[in-house]
Amino acid sequence: QVQLVESGGGLVQAGGSLRLSCAASGLTFSNYDMAWFRQAPGKEREFVAGRFWSSGNIYYADSVKGRFTISRDNAKNTMYLQMNSLKPDDTAVYYCAADKAVVLIASTRTWEYWGQGTQVTVSP
């Protein structure tokens, strides 16, 4: 049974930093594509950052480029999202996702496994 558990969310002032973690179990972590998505109130879930396991290629949404960094520790079965220079617009529930071979990295419909999410709130 695959489980993804996010942690590290919280309340931070604008300009601050947070590091989110996604602990995975029930899968061979190193063989899975992984990604972060987020969903703000009243909005659709959107792609934030993702990494293909086979190529190691990393992709970011334009809105977070230069501020967020995705990384993974295969030995710990954990993915991270380092978020710097946070803005109020970054306020959302952040979800991690996993798939054996994702087709469209930025589409929510192509990811097989999802975590329960962790809330990030950025105050002005």
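Structure first, text after, so check above.
If you're wondering where the values come from, they're calculated on a predicted model, not measured in any experiment. (Residues numbered from 1 in each chain as written. Predicted model: local features only at pLDDT ≥ 70, side-chain atom pairs only at ≥ 80, totals over all residues. Heavy atoms only, no water.)

Considering the state of the cysteines
Our working definition: Disulfides are defined in this document as cysteine sulfur pairs within 2.5 Å. For helices the rule is a DSSP run of H or I covering at least 4 residues; for strands it is a run of E covering at least 2, with both sets numbered from the N terminus onward. Type-normalised accessible area, obtained with a 1.4 Å probe on protein chains alone, sets the label of each residue: buried when under 20%, exposed when over 50%, and partly exposed for intermediate values.
The final tally for this structure, using the stated rule, is one disulfide. With its sulfur 2.1 Å from that of its partner, Cys22 forms a disulfide with Cys96. A torsion of 55° about the S-S bond marks the disulfide between Cys22 and Cys96 as right-handed. Note that Cys22 is positioned in strand 3 (residues 18–25) and Cys96 in strand 9 (residues 92–99), a separation of 74 residues in sequence. Comparing Cys22 with Cys96, the two get one shared label, buried.

Side note on unusual backbone geometry
With a phi angle near 55°, Asn77 is a residue other than glycine that sits in the positive phi range. Considering the arrangement of structural elements, one finds Asn77 in the loop between strand 7 (68–73) and strand 8 (78–83). We note that Ser85 has phi near 50°; this positive angle belongs to a residue other than glycine. Along the chain, Ser85 turns up in the loop between strand 8 and strand 9. The exposure class of Ser85 is partly exposed, given its relative accessible area of 39%.

Quick look at the sheet that holds strand 1 (residues 3–7)
Let me state the cut-off plainly: By the convention used here, strands pair only if DSSP detects at least 2 bridges between them. A fitted line through C-alpha atoms represents every axis, and for helices the fit uses only the stretch in contact; the resulting angles, taken between N-to-C directions, go from 0 to 180 degrees.
Reading across from one edge, 1-3-8-7 is the order of the four strands in this open sheet, with antiparallel pairing throughout. What marks the edges here is a single partner per strand, and that holds for strand 1 and strand 7. In this sheet, neighbouring strand axes are inclined to one another by 15° on average, regardless of whether the strands run parallel or antiparallel. Bridge analysis of strand 1 against strand 3 gives five bridges, and the strand direction is antiparallel. Across the sheet, the residue bridging to Glu6 is Cys22, located in strand 3.

Taken by themselves, the reported measurements are silent on function.
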